[in-house]
Amino acid sequence: MSLGKYNFTSLFFYVTIITLLFSCQKQNKTYYESIVKNDIKLSSSPNPGSWRYNHDEHFQTFEDFQKLKKIKPEPGKNTIYLQPIGTFDELQKKEIALTKEYLKIYYQLETKILPALPNTIFPENVKRRTKEGQEQLLAGYILDSILIKRKPKDAVVLMGITEKDLFPKPEWNYIFGLASYEDGVGVTSMYRFANGHLTDSNFNESLLRLIKISSHEIGHMFGISHCLNANCVMNGTNSLSETDYHLARACSLCQRKLNSSIHYDNKKRLLELKNFFEKQHFNTDLSLAQQDLNLLQ
């Protein structure tokens, strides 16, 4: 064997080994390592008036999340329940039904709607107020005095949906939603998502806001803090414009946290989300889901 041939054979051998190793590494790349390319990083300088501008929050790492004592689905206690509160017209009922469909996909858990509770469940002139001519309900009262007592035995979380506006405490004007990490109950209001009146023309806009806030509040119930990693459904929000700016997509880090508790099939979930967005003509979210799927090919 000539020296030249030996060198060529050795070089070919090492190139083959390196190629195989690289190929194995590529194949072993996790779902989260793949889709992180589609995370849209947050600006280092939040705009005045935004949630991050007004709140100095701790970045919750995956390790922080893992150490947290939190609610998880378990056998016999693994259903998400929605509890409508108030009087709803047919269009509002449709919006709640589609929210149920979305949450079932988003969390990959059985999701059910309970019979609506009437507004008479609130004591007269107690735990409510009128602000700018609109009646508002105290969100904490709904959690502590209504939902906790009615949480089904097989519920992992219970999410209230009201048609009236909410406020969290006297010094706040309003709130979109509120959740309890410890008790697995939360509430959101449909009122502001449609500017107080849901119509065919603003239905999709309102629905997108409702599925964002509902999945956000349930994310809190599962122990996920406000996201400081990327543009994400778990970002804090101070206004409708900020809610609209935030994506329905959870970033790679928040998805990893969620999957560590629920253990669903990521690709199945992503395909079902894509189909939902396509059916509802949520084009931005459809495009993002397709981009994530493309990275998994």
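Residues numbered from 1 in each chain as written. Predicted model: local features only at pLDDT ≥ 70, side-chain atom pairs only at ≥ 80, totals over all residues. Heavy atoms only, no water.

Caption draft 1: Broad picture of empty space enclosed by the protein. Counting across every chain of the model gives four cavities of 30 Å³ or more. For the lining of the largest cavity, the elements supplying multiple residues, two or more each, are α5 (90-107), α10 (266-280) and α11 (283-295). Taken together, the residues of the lining of the largest cavity break down into nine nonpolar, one polar and four charged. (1 Å grid on protein atoms, 1.4 Å probe; cavity = no way out; pocket = protein on both sides within 12 Å on 5 of 7 lines; lining within 4 Å. Points joined across faces, edges and corners; volume = space filled by probe spheres on them. Helix = DSSP H or I, 4+ residues; strand = E, 2+ residues; numbered from the N terminus. Nonpolar A, V, L, I, M, F, W, Y, C, P; charged D, E, K, R; others polar.)

Caption draft 2: Representation of the sheet that holds strand β8 (residues 185-189). Pairing is mixed across the open sheet formed by five strands, whose spatial order is β2-β1-β5-β8-β7. Strands at the two margins of the open sheet, each flanked by one partner only, are β2 (111-113) and β7 (177-180). Between one strand axis and the next, the sheet turns by 15° as a mean value, whatever way the strands run. One ladder, built from seven bridges, connects strand β1 (residues 79-85) with strand β5 (residues 155-162); its direction is parallel. Opposite Tyr 81, over in β5, you have Leu 158 as the bridge partner. Against the sheet, helix α6 (residues 139-150) makes contact with β1, β5, β7 and β8, and its axis sits at roughly 130° relative to β8, the strand it touches most. (Pairing = 2+ DSSP bridges. Axes fitted to C-alpha atoms, helices over the stretch in contact; angles between N-to-C directions. Contact = heavy atoms within 4.5 Å.)

Caption draft 3: Focus on the packing of α5 against α10. In contact at an axis separation of 9 Å, α5 and α10 are set at 155° when each is read in the N-to-C sense. Our classification of the angle between α5 and α10 gives roughly antiparallel. On the side of α5, the interface is formed by Leu 98, Glu 101, Tyr 102, Ile 105 and Tyr 106, while α10 contributes Arg 269, Glu 272, Leu 273, Phe 276, Phe 277, Lys 279 and Gln 280. Of the residues in the contact of α5 with α10, the class split is seven nonpolar, one polar and four charged. (Parallel < 35°, antiparallel > 145°, perpendicular 65-115°, else oblique.)

Caption draft 4: Layout of the layout of surface pockets. Computed from the structure, the largest pocket encloses a volume of approximately 400 Å³. Lining the largest pocket are 20 residues; nearest its centre among them are Trp 51, Trp 172, Ile 175, Gly 177 and Thr 237. Its residues assigned to classes, the lining of the largest pocket comprises nine nonpolar, 10 polar and one charged. Its boundaries defined by the atoms lining it, the second largest pocket holds a volume of some 320 Å³. Lining the second largest pocket are 20 residues, with Ser 50, Arg 52, Glu 242, Tyr 245 and His 246 positioned closest to its centre. Contributing elements (two or more residues each) for the lining of the second largest pocket: α3 (51-54) and α8 (240-245). For the lining of the second largest pocket, the element with the highest residue contribution is α8, accounting for three residues. The class makeup of the residues in the lining of the second largest pocket is seven nonpolar, 10 polar and three charged.

Caption draft 5: The arrangement of the pairing of β8 in detail. Burial within β8 is extensive, with five of its five residues counted as buried. Neither face of β8 is left uncovered, since the one carrying Val 185, Val 187 and Ser 189 and the one carrying Gly 186 and Thr 188 both have all their residues buried. Two elements, β5 and β8, share five bridges in a ladder whose sense is parallel. Counted as the bridge partner of Ile 161 is Thr 188 from β8. By the bridge criterion, four bridges tie β7 to β8 in an arrangement that is antiparallel. Its bridge partner lying in β8, Ala 179 is registered against Gly 186. The antiparallel pairing of β7 with β8 creates a hairpin that spans four residues between the two strands, and Gly 184 there sits at a positive phi of about 65°. (Buried < 20%, exposed > 50% of the residue type's maximum accessible area, 1.4 Å probe, protein only.)

Caption draft 6: Seen up close, unusual backbone geometry. The phi dihedral of Gln 108 is positive, around 55°, even though this residue is not glycine. Within the chain, His 263 stands out as a residue other than glycine whose phi angle is a positive 60°. Tracing the backbone through its elements, the reader meets His 263 in the loop between α9 (252-262) and α10. For His 263, a relative accessible area of 61% translates into the label exposed.

Caption draft 7: How the structure looks around α5. For α5, with 18 residues, the first-to-last C-alpha span of 26 Å sits near the 26 Å given by 1.5 Å per residue. Looking only at α5, the buried set comprises Leu 91, Gln 92, Glu 95, Ile 96, Leu 98, Thr 99, Tyr 102, Leu 103, Ile 105, Tyr 106 and Tyr 107. In this fold, the buried residues of α5 make contact with β1, β2, β5, α7 (203-221), α9 and α10. A distance of 3.1 Å separates the backbone nitrogen of Leu 91 from a side-chain oxygen at the start of α5, and that oxygen is part of Asp 89. Immediately downstream of α5, the backbone of Gln 108 shows phi near 55°, a positive value. (Expected span 1.5 Å × (residues − 1). Polar contact = N/O pair within 3.5 Å; in protein donor to acceptor, adjacent residues only side chain to side chain.)

Caption draft 8: Representation of the nonpolar core within the structure. One finds Tyr 102, Tyr 107, Ile 218, Phe 222 and Phe 277 to be the most contacted residues of the largest nonpolar core, which totals 60 residues. Aside from chain neighbours lying at most four places away, what touches Phe 277 is Tyr 102, Ala 248, Phe 282, Asp 285, Leu 286 and Ala 289. Core analysis: the second largest hydrophobic core is formed by 20 residues, Leu 143, Ile 146, Leu 147 and Ala 155 among them. (Core = buried A, V, L, I, M, F, W, Y, C linked by side-chain atoms within 4.5 Å.)

Caption draft 9: Structural context of the pattern of salt bridges. In this structure the tally under the stated criterion is 10 salt bridges. The residue Lys 104 makes a salt bridge to Glu 110 at a minimum N-O spacing of 3.8 Å. Lys 104 gets classed as partly exposed once you look at its relative accessible area, which sits at 39%. Between Lys 268 and Glu 272 there is a salt bridge; the shortest N-O distance is 2.9 Å. A residue pair is termed a helical-turn pair when its members lie 3 or 4 positions apart in one helix, as Lys 268 and Glu 272 do in helix α10 at four residues. Accessibility expressed as a relative area gives 25% for Glu 272, which makes it partly exposed. (Salt bridge = Lys/Arg side-chain N within 4 Å of Asp/Glu carboxyl O.)

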